[in-house]
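Single-letter residue listing:
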Amino acid sequence: MVTLKSKYRTQTCAELRKEQAGQTVNLAGWIHRKRDHGGVLFIDLRDNYGITQVVASGNISDELQKVRVESVIQITGEVRWRAPEAINTKLPTGEIEVHTTSWELLSSADVLPFQVADDDNAPEPIRLKYRFLDLRKERLHETILLRSRIIRSIRESMYNMGFTEFQTPILTSSSPEGARDFLVPSRMHPGKFYALPQAPQQFKQLLMVSGFDRYFQIAACFRDEDSRADRSPGEFYQLDLEMSFVEQDQVFEVCEQLFTEVFPKYSDWKLSSAPFERIAFNDAMMFYGSDKPDLRIKQKLANITEIFSNTGFEVFKREIEKKGIISALKWDIESLPSRKFFDDTIEWFKTTSGQGLAYLIFENGEARGSIAKFMNEGEIDAIKSQLNITGLSVVFMGAGAKKTILPAMGQLRVKLGEQFNAVEPNTYHFCWIVDFPMFEEDPETQQICFSHNPFSMPQGGMEALETKHPLEIFAYQYDLVCNGVELSSGAVRNHRPDIMYKAFSIAGYPPEVVDEKFGGMNRAFRYGAPPHAGIAPGIDRIVRMLAQEDNLRKVIAFPMAQSAEDLLMGAPSTVAEKQLRELHIALKLPKEKEKQA
RNA sequence: GGGGUGGUAGUUCAGUUUGGUUAGAACGCUUGCCUGUCACGUAAGAGGUCGCGGGUUCAAGUCCCGUCCACCCCGCCA
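Residues numbered from 1 in each chain as written. Chains lettered and ligands numbered in written order. Predicted model: local features only at pLDDT ≥ 70, side-chain atom pairs only at ≥ 80, totals over all residues. Heavy atoms only, no water.

Once that is clear, we can look at the overall build of chain A. Counting secondary structure elements, chain A contains 17 helices and 26 strands. Seen through its principal axes, chain A has C-alpha atoms that stretch 95 × 70 × 60 Å. Taking the contacts inside chain A whose residues are at least 6 apart along the sequence as the reference set, 67% of them involve residues at least 24 apart. Counting only carbon and sulfur atoms, one obtains 50% of the accessible surface of chain A, whose full area is about 31,200 Å². For chain A, the distance from the average position of its 71 positive side-chain charges to the average position of its 82 negative side-chain charges is 4 Å. (Helix = DSSP H or I, 4+ residues; strand = E, 2+ residues; numbered from the N terminus. Contact = heavy atoms within 4.5 Å. Areas by Shrake-Rupley, 256 points an atom, 1.4 Å probe, with all protein chains shown as cover. Lys, Arg positive; Asp, Glu negative; His and termini not counted. Charge placed at Lys NZ, Arg CZ, Asp CG, Glu CD.)

Our focus in this paragraph is the nonpolar core. In terms of nonpolar packing, the biggest core is built from 66 residues, with F259 and F439 touching the most fellow members. No other element matches helix 6 (residues 248–266), which puts nine residues into this core. The residues touching F439, leaving out its near neighbours within four places in the chain, are I448, C449, F450, S451, L465, P470, L471, I473, A503, I506 and A507. Core analysis: the second largest hydrophobic core is formed by 33 residues, I279, Y288, I346 and A408 among them. (Core = buried A, V, L, I, M, F, W, Y, C linked by side-chain atoms within 4.5 Å. Buried < 20%, exposed > 50% of the residue type's maximum accessible area, 1.4 Å probe, protein only.)

Attention shifts here to the packing of helix 13 (residues 497–506) against helix 14 (residues 511–525). At their nearest, the axes of helix 13 and helix 14 sit 11 Å apart, and the two run at 160 degrees to each other. The angle between the axes of helix 13 and helix 14 places the two elements in the roughly antiparallel class. In this structure, helix 13 meets helix 14 at a crossing whose hand is right-handed. Note on element contacts: helix 14 touches helix 13 through P511, V514, D515, F518, N522 and F525, opposite P497, M500, Y501 and F504. Here the contact of helix 13 with helix 14 is built from residues that sort into eight nonpolar, one polar and one charged. (Axes fitted to C-alpha atoms, helices over the stretch in contact; angles between N-to-C directions. Parallel < 35°, antiparallel > 145°, perpendicular 65-115°, else oblique. Left-handed = near helix turned anticlockwise from the far one by under 90°. Nonpolar A, V, L, I, M, F, W, Y, C, P; charged D, E, K, R; others polar.)

Relative to the elements of secondary structure, T52 occurs in strand 3 (residues 51–57). Since its relative accessible area comes to 0%, T52 is described here as buried. Looking at T52, its side chain comes within polar contact range of the main-chain oxygen of C13, at 2.6 Å. (Polar contact = N/O pair within 3.5 Å; in protein donor to acceptor, adjacent residues only side chain to side chain.)

The description of an aromatic ring pair rests on the distance of the ring centres and on the angle between the ring planes. Per the stated rule, a full pass over the model turns up 29 aromatic pairs. Measuring from centroid to centroid gives 4.8 Å for F313 and F316, while their planes differ by 65 degrees, and the two rings are edge-to-face. F313 sits in the buried class, given a relative accessible area of 7%. The exposure class of F316 is buried, given its relative accessible area of 2%. Arranged with centres 6.5 Å apart and planes meeting at 10 degrees, the rings of F450 and Y509 form a pair that is stacked. Taken together, the residues F450 in strand 22 (residues 448–450) and Y509 in the loop between helix 13 and helix 14 connect sequence positions 59 residues apart. Overall, the relative accessible area of 14% leaves F450 in the buried class. (Phe/Tyr/Trp six-rings, centres within 6.5 Å; stacked < 30°, edge-to-face > 60°.)

Of the residues making up helix 5 (residues 201–209), those classed as buried are Q201, K204, Q205, L207, M208 and V209. Structurally, helix 5 contributes buried residues whose contacts are with strand 9 (214–223), strand 10 (234–244), helix 14 and strand 26 (532–535). Immediately beyond the C-terminal end of helix 5, within one or two residues, lies G211, with a positive phi of roughly 95 degrees.

With that out of the way, let us pick up unusual backbone geometry. Going from A274 to P275, the amide bond is cis rather than trans, its omega being -5 degrees. Note that P275 resides in the loop between strand 11 (270–271) and strand 12 (277–280). Going from A571 to P572, the amide bond is cis rather than trans, its omega being -5 degrees. Structurally, P572 is set in the loop between helix 15 (539–547) and helix 16 (577–582). Even without being a glycine, N388 presents a positive backbone phi close to 60 degrees. With respect to the secondary-structure elements, N388 resides in the loop between helix 10 (377–386) and strand 17 (393–400). Under the relative-accessibility criterion, N388 is labelled exposed at 54%. Of note, D435 is a non-glycine position whose phi angle comes to about 55 degrees, a positive value.

Looking at helix 10, one finds that the buried residues are E379, I380 and I383. Angularly, the buried residues of helix 10 cover 100 degrees about the axis, an arc narrow enough to put them on a single face. When the buried face of helix 10 is taken as reference, the exposed residues oriented beyond 90 degrees from it are E377 and S385. The elements touched by buried residues of helix 10 are strand 15 (358–363), strand 16 (366–368) and strand 17. (Arc of directions from axis to C-beta.)

Tallied over the full model, the rule gives 35 salt bridges. The residue D118 makes a salt bridge to R33 at a minimum N-O spacing of 2.8 Å. Here D118 is found in the loop between strand 5 (96–107) and helix 2 (124–129), whereas its partner R33 is found in strand 1 (residues 24–36), with 85 residues between them in sequence. A salt bridge links E319 to K322, with the shortest nitrogen-to-oxygen separation between them at 3.9 Å. E319 sits in the buried class, given a relative accessible area of 19%. The structure contains a network of salt bridges with shared partners spanning R127, R131, D134 and K137. (Salt bridge = Lys/Arg side-chain N within 4 Å of Asp/Glu carboxyl O.)

Encoded structure:
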């Protein structure tokens, strides 16, 4: 680091060591803590880099004693080394202290709304309103610094792999697909609006058409949707990347190199090695009940529908007749859980998924449990052999339509994994989810519709669209998943207008709709477009994962509250009448009562 | 849009189940004492519309109804 000596400081609060003893130095920073002993006063002086103990006595002690913690002061003093018994081994600067000869108050602090030196669990709205104080706390401060280092490493890896960094417009046009847009009214074009980009999707594809081979951007993305613990309201950052003349595999290669380079720099956890495991979407649902499976848990779901094809157990029989499936989760255990465990688990399952849950206990080759009496010996034996049951095991079974029972069983898998301590610790387990279905059937109307992104390339291209049943066509679309978190989503793009029109017509859209919704892109594709593919890993989620934080607000310097409000700056806010007039906007607000309803 | 949990001092919480004297504790704050602490110690003090509104009752922080706010989840969101 370049030392920038100024009138305020000759060193930072982390620099001084025994070797500087005897020197006169200037330090500046925040009063982290004060310890007043009457004749002598100790101050922990803190800055971005660390803490140094400052000592004052006599008049200076009396004056400084009156300055509140978190005020900013500058001191001049002599570095002295501490007596052996006074050394603080917890501080890198703990072998020395600075004896103040003069000082200056640079900025005084009011009484704090919450403690900075201690973690007092102040409520989030207050911490967000006083974010600048929260950011002074060590853990959050370090996380934000970590975020910077991670992004730097990501940039370096991208440049090293031959990518070029671009900037794309923030004021752009409303996009037809996906989330709600944030709109920005145009002053120069009354009645028209810009939209903030949900992602630079179209621009990066246009850059490929423009002949730039490898694009990346640390891109701000805006979506007007509600938040979650793993989803920031309003805005978030993605490592957006796109490549020409590649297929899915090359996107995987780039990501695998990126993640295996970046993650070990910031964590000593075990890390999947490249190539990452690939799981077809349908298998992920069938065996993990999720399109973002947590592979730190070894147990899988099993499809045991076949076993019950002639069952006398009414509940299963009914579901199978309705084309439903029976999904089973076997767990080998060391000792038999209490009856309460089963009751609680079934109750939890019912409240979280609205589904029923059956169980069998296998012990010494015998089966018992909630539904044992409804099963015949053949079924019990078939379960034993399919699930490979040898010792003491419990088997949970859920029956229902794939779309509802599998996610429920998937949640059960994660819950039991945590409950039985079966989540492999200190591990980043990556996998790719591939082969997403291109189309799906609307359960109510039986209409064929796009199941995910209509702009990705169908596997098999035009031929598949023309010859295969729509529900059997997969898209070149993929998610990167780590420890049950979707880190990234991408696709091989459909760069062929003819295939685009065909795909849309299968989903019931005439060519005009394609022209209307996707006209700009389609025009570009008529002048020579390279095959291209890309992906966009979420920066906030990556940092959260490496910082091991549970909430995205803890890895973002100025996050919004769940209500999509910036409590520090007071956004969103009302604006002056004049501004509205210039924008030709008249407000028609809901009445108070409607607002509440 | 729906569900869950919570709201008592600046902050964290106890008290609410079973209504009953002046609503407590810790940290912080103010004023002292203390020359070796590093979460210093110590004495005293200030600080409360118990989220807000209504109701039941002799009496409400406590019971009932409504409402607001926050966080978490579902819907939504690649």
